[in-house]
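Here is what each chain is made of, one letter per residue.
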Amino acid sequence: MYQNNKRKLEDINSNFTKSFIFNTIKETNPQKSDIAAANLVNNHIKTNSHIFLKEPYKKKTSKKNCLKQPLSHKERRELGLDTLKQGEVTFKELVPIHKLWCQYVSQIGSKEEDIARADLHGCFMTVTKTMCPPLLRKCGIVAMESLNTFSVVDESDKVHVLPKRGSVFSFVINDCVVNIFGNNFIFRPGERIMKKISKQKLVSI
């Protein structure tokens, strides 16, 4: 029923369009014969059917194209989203996060694989060995972790960017001192959770 009504409507529109164009041609060119005017109408309808006979074609947009794409790592770097500026966060503001981290890490277990996959944001860590002497004994709460660095905030609210490569970091879990080897943590925290932990020594407890 719907298809029949649709065809009837299209036929009515088509006839109205032909009649309108034919009358327009005759008014503007009275010297043309009815046959010549009819031929012009048919040619015009054929070449412009998408305008006169049906609605314009609307390209379907997929839902994937409508969704906003996340920023790439390059775009995040250019916008400064991967760096922590001095004074942007204070040690006092990070203390509650550190307390939550202590609760979280006490539940994940004491296996090396579990600690290696743990989220270290909120961890209070200290540099115990490093190839860069000025960074030795630097400590603070981890406010940001990137591919190659930990950004920590100390008790004087100063931000320290600690390179992972060539460094050993220490922190406490359930009254046990844990050492992690930075060379084996050179990937992003989200990737570390998903990656398969290799058999090489990552953590010392």
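See the structure above.
Criteria and cut-off values
Residues numbered from 1 in each chain as written. Predicted model: local features only at pLDDT ≥ 70, side-chain atom pairs only at ≥ 80, totals over all residues. Heavy atoms only, no water. Helix = DSSP H or I, 4+ residues; strand = E, 2+ residues; numbered from the N terminus. Buried < 20%, exposed > 50% of the residue type's maximum accessible area, 1.4 Å probe, protein only. Contact = heavy atoms within 4.5 Å. Areas by Shrake-Rupley, 256 points an atom, 1.4 Å probe, with all protein chains shown as cover. Pairing = 2+ DSSP bridges. Salt bridge = Lys/Arg side-chain N within 4 Å of Asp/Glu carboxyl O. Expected span 1.5 Å × (residues − 1). Core = buried A, V, L, I, M, F, W, Y, C linked by side-chain atoms within 4.5 Å.

A. Summary view of the overall build of the protein. Within the protein one finds 8 helices and 7 strands. Counting every position in the protein, which comprises 205 residues, the buried fraction comes to 28%. Considering only contacts within the protein whose residues lie at least 6 apart along the sequence, 45% involve residues at least 24 apart. A total accessible area of about 14,700 Å² is found for the protein, and carbon and sulfur atoms account for 57% of it.

B. Spatial organisation of the pairing of strand β2 (residues 139-145). Where burial is concerned, most of β2 is hidden: 5 out of the 7 residues are buried. Both strand β1 (residues 124-130) and β2 contribute to a ladder of 3 bridges, which runs antiparallel. Its bridge partner lying in β2, M125 is registered against G140. Where β2 meets strand β3 (residues 149-153), 4 bridges bridge the pair, whose relative direction is antiparallel. Counted as the bridge partner of I141 is V153 from β3. Where β2 folds back onto β3 in an antiparallel hairpin, the turn is made up of 3 residues.

C. Main features of the pairing of strand β5 (residues 167-173). Within β5, 6 of the 7 residues are buried, which leaves the element mostly enclosed by the surrounding structure. Relative to β5, β1 runs antiparallel, the two being bridged by 4 bridges. When the bridges of β5 are listed, T130 appears paired with S167. What sits between β5 and strand β6 (residues 176-181) in their antiparallel hairpin is a turn of 2 residues, with N174 showing a positive phi close to 50 degrees.

D. Structural view of the pattern of salt bridges. On inspection of all chains with the given rule, the structure shows 1 salt bridge. A salt bridge links K164 to E145; the nearest nitrogen and oxygen atoms lie 2.9 Å apart. One end of the pair, K164, is in the loop between β4 (159-163) and β5; the other, E145, is in strand β2, with 19 residues separating them in the sequence. Accessibility expressed as a relative area gives 7% for E145, which makes it buried.

E. Examining helix α6 (residues 91-105) more closely. Between its terminal C-alpha atoms α6 stretches 20 Å, which fits the 21 Å expected from 15 residues at 1.5 Å a residue. Taken together, the buried positions of α6 are occupied by F91, L94, W101 and V105. In this structure, the buried residues of α6 make contact with β1, β2, β3 and β5.

F. How the structure looks around the nonpolar core. Judged by nonpolar contacts, the single largest core of 19 residues is most densely connected at L120, M125, F150, F171 and I180. Contributing elements (two or more residues each) for this core: α6, α7 (112-117), β1, β3, β5 and β6. The dominant element in this core, judged by the number of residues it contributes, is β5, at 3 residues. Those residues within four positions of L120 in sequence are excluded, and the remaining contacts are W101, M125, V142, E145, F150, F171, I180 and R192. Among the nonpolar cores identified, the runner-up in size contains 7 residues, and F91, L94, I141 and V159 belong to it.

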